[in-house]
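A look at the structure
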Amino acid sequence: MKLKGKGFVLRHIKISDVKSYFESMQDKVSKKGFMKTPKNLAEAKKEIKEKISEKRKKKPTGETFVIEVNGEYAGYIEINHLNRKYHEHYGNVGYCIHPKFRGKGLAAKALKLLVNYAFKKYKLRRIEGTCRIFNKASARTLEKAGFKLEGILRKNKWKNGKYLDDMIWARVR
């Protein structure tokens, strides 16, 4: 399946994306924003296999797409936490843009496309996105994609001996 946007395509992730997927999460900016990143290609391949396996289920809890620009891997975007008991109309988004493609507004465009797709396909009422309070680029991405800031989750995560605060954003329908 492919979702077409202006200047990019969203397609389901494949094992052959492993090298670019791994590279996109290895720079300092990405590592700071994620709780964990794959340590090597084998870990990245395992993650992708799990994502592919999940997509094939009758009631998947998530879908992961590659953002492709002119046939080149530019990042990934995903919708998670789907089809959960007591939260069946809820989803959560995540994304990571390869360093070569950052700063071009690509994540916001891809996010808009994914959100519209997820609202329709899964009959969602609410889609959330979170980012660290220091991640101004991700906050701007969520804002440009129509998400509204709902608040700050203080001391929400523990990483490297420190508590981290997160911003929580949402789009509702």
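This text follows the structure it describes.
The rules behind each value
Residues numbered from 1 in each chain as written. Predicted model: local features only at pLDDT ≥ 70, side-chain atom pairs only at ≥ 80, totals over all residues. Heavy atoms only, no water. Pairing = 2+ DSSP bridges. Helix = DSSP H or I, 4+ residues; strand = E, 2+ residues; numbered from the N terminus. Axes fitted to C-alpha atoms, helices over the stretch in contact; angles between N-to-C directions. Patch = residues over 30% accessible without salt bridge, like charges linked within 9 Å, V, L, I, M, F, W, Y side chains within 5 Å. Areas by Shrake-Rupley, 256 points an atom, 1.4 Å probe, with all protein chains shown as cover. Salt bridge = Lys/Arg side-chain N within 4 Å of Asp/Glu carboxyl O. Lys, Arg positive; Asp, Glu negative; His and termini not counted. Charge placed at Lys NZ, Arg CZ, Asp CG, Glu CD. Core = buried A, V, L, I, M, F, W, Y, C linked by side-chain atoms within 4.5 Å. Buried < 20%, exposed > 50% of the residue type's maximum accessible area, 1.4 Å probe, protein only. Contact = heavy atoms within 4.5 Å. Phe/Tyr/Trp six-rings, centres within 6.5 Å; stacked < 30°, edge-to-face > 60°.

Now for the sheet that holds strand β3 (residues 63-69). If you trace the eight strands from one edge of the open sheet to the other, you get β1-β2-β3-β4-β5-β6-β8-β7, paired in mixed fashion. Only two strands of the sheet have a single partner each, and these edge strands are β1 (2-5) and β7 (148-159). Taking each pair of neighbouring strands and ignoring which way they run, the sheet shows an average axis angle of 25°. Pairing of β7 with strand β8 (residues 162-172) involves eight bridges; the strand directions are antiparallel. Along β8, the bridge assignment pairs L153 with D166.

Taken together, K6, K109, K112 and K144 make up a surface patch of like positive charges. Inspection of the secondary structure assignment puts K109 in helix α4 (residues 106-122).

Ranked by internal contacts, the top residues of the largest apolar core, which has 33 residues, are L10, I67, I77, L111, I127 and F147. Sorting the residues of this core by element identifies β2 (8-12), β3, β4 (72-80), β5 (90-97), α4, β6 (126-132), α5 (136-144) and β8 as the ones contributing at least two each. The element that contributes the greatest number of residues to this core is α4, accounting for ten residues. Apart from residues lying up to four places away in sequence, L10 is in contact with M1, K2, L3, F65, V66, I67, I77, A110, L113 and L114. By size, the runner-up hydrophobic cluster in this structure holds twelve residues, among which are I13, A44, I48 and I52.

Evaluated as defined, the whole model comprises three aromatic pairs. An angle of 45° between the planes, with centres 5.2 Å apart, marks the rings of Y21 and Y76 as tilted. Placement of the pair is Y21 in helix α1 (residues 18-24) and Y76 in strand β4, with a sequence separation of 55 residues. Judged by relative accessible area, which is 1%, Y21 ranks as buried. Relative to Y163, the ring of W158 lies with its centre 4.7 Å away and its plane at 65°, an arrangement referred to as edge-to-face. Of the residues examined, W158 reaches a relative accessible area of 51% and is grouped as exposed.

The next subject is the pairing of β2. Along β2, five of the five residues are buried, which leaves the element largely enclosed by surrounding structure. Side chains of β2 alternate between two faces, with F8, L10 and H12 and V9 and R11 buried alike. Counting the residues between successive antiparallel strands, the hairpin from β1 to β2 contains two residues, one of them, G7, with a positive phi of roughly 85°. Where β2 meets β3, four bridges bridge the pair, whose relative direction is antiparallel. Residue pairing for β3: R11 is matched across the bridge by V66.

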